[in-house]
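Here is how the chains run, residue by residue.
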Amino acid sequence: MKSAVETLSPTRAKLTVEVPFEELKPSLDAAYQKIAQQINIPGFRKGKVPPQIIERQFPGAAREEALNDILGSKYVEALQENDLVPLAQPDVEVVKYDDEGPLEFTAEVDIKPEISLPENTEGLEASVDDVEVTDEDVTEQVAALRGRFGTLIDVERPAQEGDFVVIDLKAVKDGEPVEGGEVTGFSYEVGRGGMIDGLDDALAGLSAGEDKTFTSQLVNGDLVGEDVEVSVTVHQVQEQELPDLDDDFAQMASEFDTFAELEADVRERLQRGKRLEQAAAARDAVLEALLDKVEVPLPENLVTEELNARRQSVEQQLAYAGMTLEAYLEDEGQTQEEFEADLERRVRDAVAAQFLLDEIADRSEIGVDQAELTQHMVRRAQQSGQDPQEFVNHMLEHNHVPEMVQEIRRGKALAELVESAVVKDASGNPVELKNLRPDGTIGDPEDEAAEADEAAEAAEAAEAAEAPADEAAESTQD
């Protein structure tokens, strides 16, 4: 087989492949044999029909079968021969395929771009915001916890913001009830928002037993964006009675004996969360610093596909939250053009980052062991709320494991990049990243080393324990 490659762009190539008839013949013979097993021709036993008879009865069928059989394998062989990594399915065109002649075809395909990394990627500089937990942050968290232990009591007065009301809702369009537009006995906090536009304004000032009708627009269903008449009836107005912020509350709401201890724990938890947010910002900043130094050509087809997928994901999430994209953009004070431009910028950065991290992983010869793969898939399953075993089975069944492996390699490449970078906060203080634990605490380097040694010793002990069993299994098989 002969192959030649023409570079159409840094991310697209055209392969021209010529396969001599000698390499085609085994596939052609196999095709004739397969067809012979499937047809009945008078005068011939099944499976013994000569090729010339098959060709007379079914012109070109065997050649088409052989072509389908060999085209894919020769395409892959040509990719390997020319050190090309495809990113999508190719556009294949058969140029020549004659009787007892060679097969010639071309294949245009998006390919992984070549990236020139700096000789040394260590010492990249990045800056992130300070970790700052304010008294207001603590107060807000304590208030949220306090609200979970509040009790609702009926009040004989008009509803106001912060009250809870038990209501019925009914939407009508042109005098006809809207399908799915009716709820009864629903508890709602006045002023919370996120339900139907105009509901909070309609509820303010209503007492138990009163109702009101207002015009709004539905955010899902067949009547999205159309005006409907909504009637709301209030059955109860309830005021939330909150517990005092004292030691009794601390004992009721936590494992602490005093409110001061509870408050200190809330502050520490917020501190840990802020550290994790800072670490995430540091990773983004370091990666962005390297992206500024490296030119990464992007395949436009891949960018377009990812852009469409991201846009669809955003619209689905908004629909699930009961909001249209138009309403979201209005709330954010953003135009459609600004949204699209921002989305495209983020998609391009994400695709470029993937190529960059893949290159770093290849250069550093980063590998993935079975334990890392299992842990990663279990974590992904938990994040998506799926059963871990079902998630793993799905990944295996649909051949997504290579994608999981690539995700892990990119994560390890990014960690390597960040640990060697110089990251400071806005106040000029170095940001601790190497010993940051998943819960947001900072580990002692000596403790981390000791834990690593213990883990290594445990792994060695496990391997030693497994060795006799493996030897016994081998001897049994022998």
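Up top you'll find the structure we're talking about.
Since the structure is predicted, the reported quantities are computational estimates derived from the model, not experimental observations.

1. Quick look at the overall build of the chain
Point 1. If you tally the helices and strands in the chain, you get 14 helices and 11 strands.
Point 2. Radius of gyration (C-alpha) of the chain: 33 Å, far over the 23 Å computed for a compact globule of 478 residues.
Point 3. Projected onto its principal axes, the C-alpha coordinates of the chain cover approximately 95 × 70 × 55 Å.
Point 4. In the chain, which comprises 478 residues, the proportion classed as buried is 31%.

2. With respect to the packing of aromatic side chains
Point 1. A full pass over the atoms with the stated rule returns 1 aromatic pair.
Point 2. Note on Phe-149 and Phe-249: the rings are 6.2 Å apart at their centroids and 90° apart in plane angle, and the pair reads as edge-to-face. In this pair, Phe-149 sits in the loop between helix 4 (135-148) and strand 6 (151-154) while Phe-249 sits in helix 6 (residues 247-253), placing the two residues 100 residues apart along the sequence.
Point 3. Accessibility expressed as a relative area gives 28% for Phe-149, which makes it partly exposed.
Point 4. Across the ring face of Tyr-97, the terminal group of Arg-63 is positioned such that the distance to the ring centre comes to 3.9 Å.

3. Topic: a negative patch on the surface
Point 1. Taken together, Asp-244, Asp-247, Asp-248, Asp-257 and Glu-261 make up a surface patch of like negative charges.
Point 2. Within the secondary structure, Asp-257 sits in the loop between helix 6 and helix 7 (259-293).
Point 3. Accessibility expressed as a relative area gives 53% for Asp-257, which makes it exposed.

4. Structural notes on the sheet that holds strand 4 (residues 103-110)
Point 1. Pairing in this open sheet of 4 strands is antiparallel, and the strands run 1-2-4-3 from one edge to the other. Edge positions in the sheet fall to strand 1 (2-9) and strand 3 (91-97), since each has one partner strand and no second. Pairs of neighbouring strands in the sheet enclose a mean axial angle of 15°, with direction left out of account.
Point 2. Judged from the 6 bridges that link them, strand 3 and strand 4 form a sheet pairing that is antiparallel. Following the sheet pairing, Asp-91 is matched in strand 4 by Glu-108.

5. Things to note about the pattern of salt bridges
Point 1. Applying the stated criterion across every chain, the model contains 24 salt bridges.
Point 2. Of the charged contacts, one joins Glu-65 and Lys-34 as a salt bridge, the two residues approaching to 2.9 Å between their closest N and O atoms. One end of the pair, Glu-65, is in helix 3 (residues 61-81); the other, Lys-34, is in helix 1 (residues 21-38), with 31 residues separating them in the sequence.
Point 3. Assessed through its relative accessible area of 42%, Lys-34 is described here as partly exposed.

6. Brief notes about the packing of helix 1 against helix 3
Point 1. Running from N to C, helix 1 and helix 3 point in directions that differ by 130°, and their axes come no closer than 8 Å. Between helix 1 and helix 3, the angle falls in the class oblique. Regarding helix 1 and helix 3, the two cross each other, and that crossing is right-handed. Across from Glu-23, Leu-24, Ser-27, Leu-28, Ala-31, Tyr-32, Lys-34 and Ile-35 in helix 1, the residues of helix 3 making contact are Ala-61, Ala-62, Arg-63, Glu-65, Ala-66, Asp-69, Ile-70 and Lys-74.
Point 2. Partitioning the contact of helix 1 with helix 3 into residue classes produces 9 nonpolar, 1 polar and 6 charged.

7. With respect to the environment of Glu-77
Point 1. Its location among the elements puts Glu-77 in helix 3.
Point 2. Between the C-alpha atom of Glu-77 and that of Met-1, which follows or precedes it by 76 residues, the distance is 9.1 Å.

8. Topic: the pairing of strand 2 (residues 12-19)
Moving residue by residue along a regular strand, the side chains alternate between the two faces of the sheet.
Point 1. Judged from the 7 bridges that link them, strand 1 and strand 2 form a sheet pairing that is antiparallel. Paired with Glu-6 across the strands is Lys-14, a residue of strand 2.
Point 2. If you look at the hairpin formed by strand 1 and strand 2, you'll find 2 residues sitting between the two strands.
Point 3. For strand 2 and strand 4, the ladder comprises 8 bridges, and the chain directions are antiparallel. In the sheet register, Val-19 faces strand 4, and the bridge partner there is Leu-103.

9. Notes on the side chain of Asp-358
Point 1. Tracing the sequence through the fold places Asp-358 in helix 10 (residues 336-363).
Point 2. Looking at Asp-358, the relative accessible area reads 6%, which means it is buried.
Point 3. Among all residues touching Asp-358, those that are not within four sequence positions of it are Lys-112, Gln-406 and Arg-410.

Quick notes on the rules
- Residues numbered from 1 in each chain as written.
- Predicted model: local features only at pLDDT ≥ 70, side-chain atom pairs only at ≥ 80, totals over all residues.
- Heavy atoms only, no water.
- Helix = DSSP H or I, 4+ residues; strand = E, 2+ residues; numbered from the N terminus.
- Rg over C-alpha atoms; globule rule 2.2 N^0.38 Å.
- Buried < 20%, exposed > 50% of the residue type's maximum accessible area, 1.4 Å probe, protein only.
- Phe/Tyr/Trp six-rings, centres within 6.5 Å; stacked < 30°, edge-to-face > 60°.
- Lys NZ or Arg CZ within 6 Å of the ring centre and 35° of its normal.
- Patch = residues over 30% accessible without salt bridge, like charges linked within 9 Å, V, L, I, M, F, W, Y side chains within 5 Å.
- Areas by Shrake-Rupley, 256 points an atom, 1.4 Å probe, with all protein chains shown as cover.
- Salt bridge = Lys/Arg side-chain N within 4 Å of Asp/Glu carboxyl O.
- Lys, Arg positive; Asp, Glu negative; His and termini not counted.
- Charge placed at Lys NZ, Arg CZ, Asp CG, Glu CD.
- Pairing = 2+ DSSP bridges.
- Axes fitted to C-alpha atoms, helices over the stretch in contact; angles between N-to-C directions.
- Parallel < 35°, antiparallel > 145°, perpendicular 65-115°, else oblique.
- Left-handed = near helix turned anticlockwise from the far one by under 90°.
- Contact = heavy atoms within 4.5 Å.
- Nonpolar A, V, L, I, M, F, W, Y, C, P; charged D, E, K, R; others polar.

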